[in-house]
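Structural description and commentary
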Amino acid sequence: MFILKSTRRIKRLFPYGKRALSTSTQTSTDTASVLQKVEKHLDRGSNKASLEVAKLNNQLQVVSYPCVSATSSVTLFVNGGIRLEKPSTLGVTQFLKHFAFKDNLMKYGAQLVRELEEHGIELTASVTREGLAYHLESPNDSSLKYVAGSTLSSIILGEYREWVFKHVKKSLHREAEANSSDPLVALFEGLHREAFKGQPLGYPLHIPSYAIDAITPKIIADHTVEIYNPSNLLLVGSGLTLKETRRIGEGLFLSQHQSTIHPISEYHTTYSGGQFTLPGKTDTFLSIAYSGIPVKDLNRHVASIVLQAVLGSGSNVSQEGFPGSGVSGRLARNLVNKHNWIKRASAINFSYYDAGLFGVYAQAEPGNAEELGEALHNSLKDIGTSRVTDSEVEKAKAIAKSHFLRSIEDRENLNEFIARHAAIGQNISPTQFIEAIDNVSAKDVYDVAVKILSSAPTISATGDVWGLKKF
């Protein structure tokens, strides 16, 4: 699973840390040991229970996962994210992410901060291509139940002052400037743009500079009326009972405007493929991907996650990799260990409700673009012609479970996982997802590899791209 996310948090209000597996530099623990400990945690008490789901009188859907945890959290998930934007409103979702922390006509920003700090609550806002999420987390569930309703209501119903709008524009210009020099941002934005030409999944996740000044307060107001509709919202509580989560949901002040947003079941994205290059004076960054597996196709989606682990996923596979980061996967054996000019490589797996992208990306020293392209292409062809062994699959399943379980230690990731699946009717708990991984066979992995490789490729390259051939 590979989710690109743009996140902003109000403040780190209590001492436990957020784990980002893709950039972890801590000493790795043996995978089997990690699995044993985390699966034991999942087996305790109510963690073994299924999700609890209800629809409130205000038409808001709520989902509760009453897991045993040191913290309680609640996430208001707004379906759609970037894909609800239009060419004339590109970037409006990023404005809404920033507005969560600012003054509005219901509550001053300083008042919001003071109220959250008094109760030891952290507020985070994040944007993906398919969702906008507001996440509240606290070591004290009674404080969370007291504050969550008013905080979330002020965010989704508050009208923002003109000076706040101008301040957010300045912040977004700074972000855009920083992103413009990040080769990986350009690489994956280009990959999506070519794969899903002219469609919402191909729109930029990170707002480009040219789009910032085109956004007006009226555009934002019109957009919020549409997306903050109960039919487009989902409230997830973890470490909370269904009754407690319902109480928070019933305390929200929601707009009853009749939204024109189509339900998720009607989303339909067409994969096309293509090639994007952005020359620059840096290392070569190259990605080759094919049409991936959508989340709604759950069994094959899970098989694609295992296939990603067969190739090498989690932290980037590199010369300095550590156990659990993919150093024994096929990318390490066939790419990194054979070419000392390849600095790192990783399998990628972007899964959306109705579409996906599966492939690999790598970073190499300048002057090797042509050879890197051939090497990446051959590494992908290999998974469709050389069947994976049972031992490869068993090891990959252990790695996939470890990565998943460690990622959902972060309650924001846990709630987003629950929300994304619940939005399409898949009320699946982490324990059930682990069971789905366990049920994957070597044949399942091979079959999904063949299906993925039957599509046309999408290529994205940035940096030193001289010599790169057309695919």
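Anyway, here's the lowdown on the structure attached to this text. Keep in mind the model is a prediction, meaning the values are calculated, not measured.

1. Structural notes on the environment of isoleucine 418
- Positionally, isoleucine 418 belongs in helix H14 (residues 411–422).
- Judged by relative accessible area, isoleucine 418 falls into the buried class, the value being 0%.
- Separated by 180 residues in the primary sequence, isoleucine 418 and serine 238 place their C-alpha atoms 9.5 Å from one another.
- In contact with isoleucine 418, other than residues within four places in its own chain, are Leu51, Val63, Tyr65 and Val236.

2. Quick look at the packing of helix H12 (residues 369–385) against helix H16 (residues 442–453)
- The N-to-C vectors of H12 and H16 enclose an angle of 130°; their axes lie 8 Å apart at closest approach. Here H12 lies oblique to H16, going by the angle between them. Judged by the sense of rotation from one axis to the other, the crossing of H12 with H16 is left-handed. Contact residues: Leu380, Lys381, Ile383 and Gly384 in H12; Tyr446, Ala449, Val450 and Leu453 in H16.
- For the contact of H12 with H16, the residue count by class is 6 nonpolar, 1 polar and 1 charged.

3. Things to note about the packing of aromatic side chains
- A full pass over the atoms with the stated rule returns 9 aromatic pairs.
- Relative to phenylalanine 350, the ring of phenylalanine 188 lies with its centre 5.5 Å away and its plane at 70°, an arrangement referred to as edge-to-face. Of this pair, phenylalanine 188 sits in helix H6 (residues 183–195) while phenylalanine 350 sits in strand E11 (residues 342–351); the two residues are 162 residues apart in sequence, bridging distant segments of the chain.
- The exposure class assigned to phenylalanine 188 is buried, which follows from its relative accessible area of 7%.
- Centroid distance phenylalanine 417 to phenylalanine 433: 5.1 Å. Interplanar angle 75°. Geometry classified as edge-to-face.

4. Focus: the pairing of E11
- Counting buried positions along E11 yields 8 of 10 residues, so the element is predominantly enclosed.
- In terms of strand pairing, E11 meets strand E12 (residues 356–364) through 9 bridges, oriented antiparallel. Residue pairing for E12: isoleucine 348 is matched across the bridge by glycine 359.
- Linkage of E11 to E12, two consecutive antiparallel strands, is achieved through a turn of 4 residues.

5. Observations regarding the packing of helix H2 (residues 92–99) against helix H5 (residues 162–180)
- Where H2 contacts H5, the two axes come as close as 10 Å, and the packing angle between them is 115°. Viewed along their axes, H2 and H5 adopt a mutual orientation that is roughly perpendicular. Crossing hand, H2 versus H5: right-handed. Contact residues: H2 offers Gln94, Phe95, Lys97, His98 and Phe99, while H5 offers Val164, Phe165, Val168, Lys169, Ser171, Leu172 and Glu175.

6. Some words on the pairing of strand E7 (residues 233–238)
- For E7, a buried count of 6 out of 6 residues is recorded, marking the element as mostly surrounded by other parts of the structure.
- The side-chain alternation of E7 yields two buried faces, one formed by Leu233, Leu235 and Gly237 and the other by Leu234, Val236 and Ser238.
- As paired elements, strand E4 (residues 72–79) and E7 share 6 bridges and run antiparallel to each other. Looking at the pairing, phenylalanine 77 lines up with leucine 234 of E7.

7. Describing the pattern of salt bridges
- Across all of its chains, the model carries 19 salt bridges by this definition.
- Ionic pairing is found between lysine 145 and glutamate 244, a salt bridge with its closest N-O pair at 3.1 Å. Residue lysine 145 is located in helix H4 (residues 141–157), and its partner glutamate 244 is located in helix H9 (residues 242–250); the two are separated by 99 residues in the primary sequence.
- Through salt bridges with shared partners, a single network forms among Arg83, Glu130, Asp354 and Arg420.

8. Some words on H9
- Those residues of H9 not exposed but buried are Leu242, Glu244, Thr245, Ile248 and Gly249. Buried residues of H9 fall within an arc of 165° about the axis and therefore sit on the same side.

9. Examining the nonpolar core
- Of all hydrophobic cores here, the largest spans 121 residues; its most connected members are Phe95, Tyr134, Leu136 and Tyr228.
- Element by element, the count of residues in this core is highest for helix H10 (residues 298–311), at 8 residues.
- When neighbours within four sequence positions are excluded, tyrosine 228 is seen to be in contact with Val78, Leu96, Leu132, Tyr134, Ile155, Ile156, Leu233 and Ser255.
- In this structure, Tyr271, Phe285, Ala289 and Tyr361 belong to the second largest nonpolar core, which totals 15 residues.

10. As for the environment of glycine 81
- Secondary-structure assignment places glycine 81 in the loop between E4 and H2.
- Classification of glycine 81 by relative accessible area gives buried; the value is 5%.
- Leaving out residues up to four positions away in the same chain, glycine 81 has contacts with Thr93, Thr128, Arg129, Glu130, Gly131 and Leu132.

About the thresholds
- Residues numbered from 1 in each chain as written.
- Predicted model: local features only at pLDDT ≥ 70, side-chain atom pairs only at ≥ 80, totals over all residues.
- Heavy atoms only, no water.
- Helix = DSSP H or I, 4+ residues; strand = E, 2+ residues; numbered from the N terminus.
- Buried < 20%, exposed > 50% of the residue type's maximum accessible area, 1.4 Å probe, protein only.
- Contact = heavy atoms within 4.5 Å.
- Axes fitted to C-alpha atoms, helices over the stretch in contact; angles between N-to-C directions.
- Parallel < 35°, antiparallel > 145°, perpendicular 65-115°, else oblique.
- Left-handed = near helix turned anticlockwise from the far one by under 90°.
- Nonpolar A, V, L, I, M, F, W, Y, C, P; charged D, E, K, R; others polar.
- Phe/Tyr/Trp six-rings, centres within 6.5 Å; stacked < 30°, edge-to-face > 60°.
- Pairing = 2+ DSSP bridges.
- Salt bridge = Lys/Arg side-chain N within 4 Å of Asp/Glu carboxyl O.
- Arc of directions from axis to C-beta.
- Core = buried A, V, L, I, M, F, W, Y, C linked by side-chain atoms within 4.5 Å.

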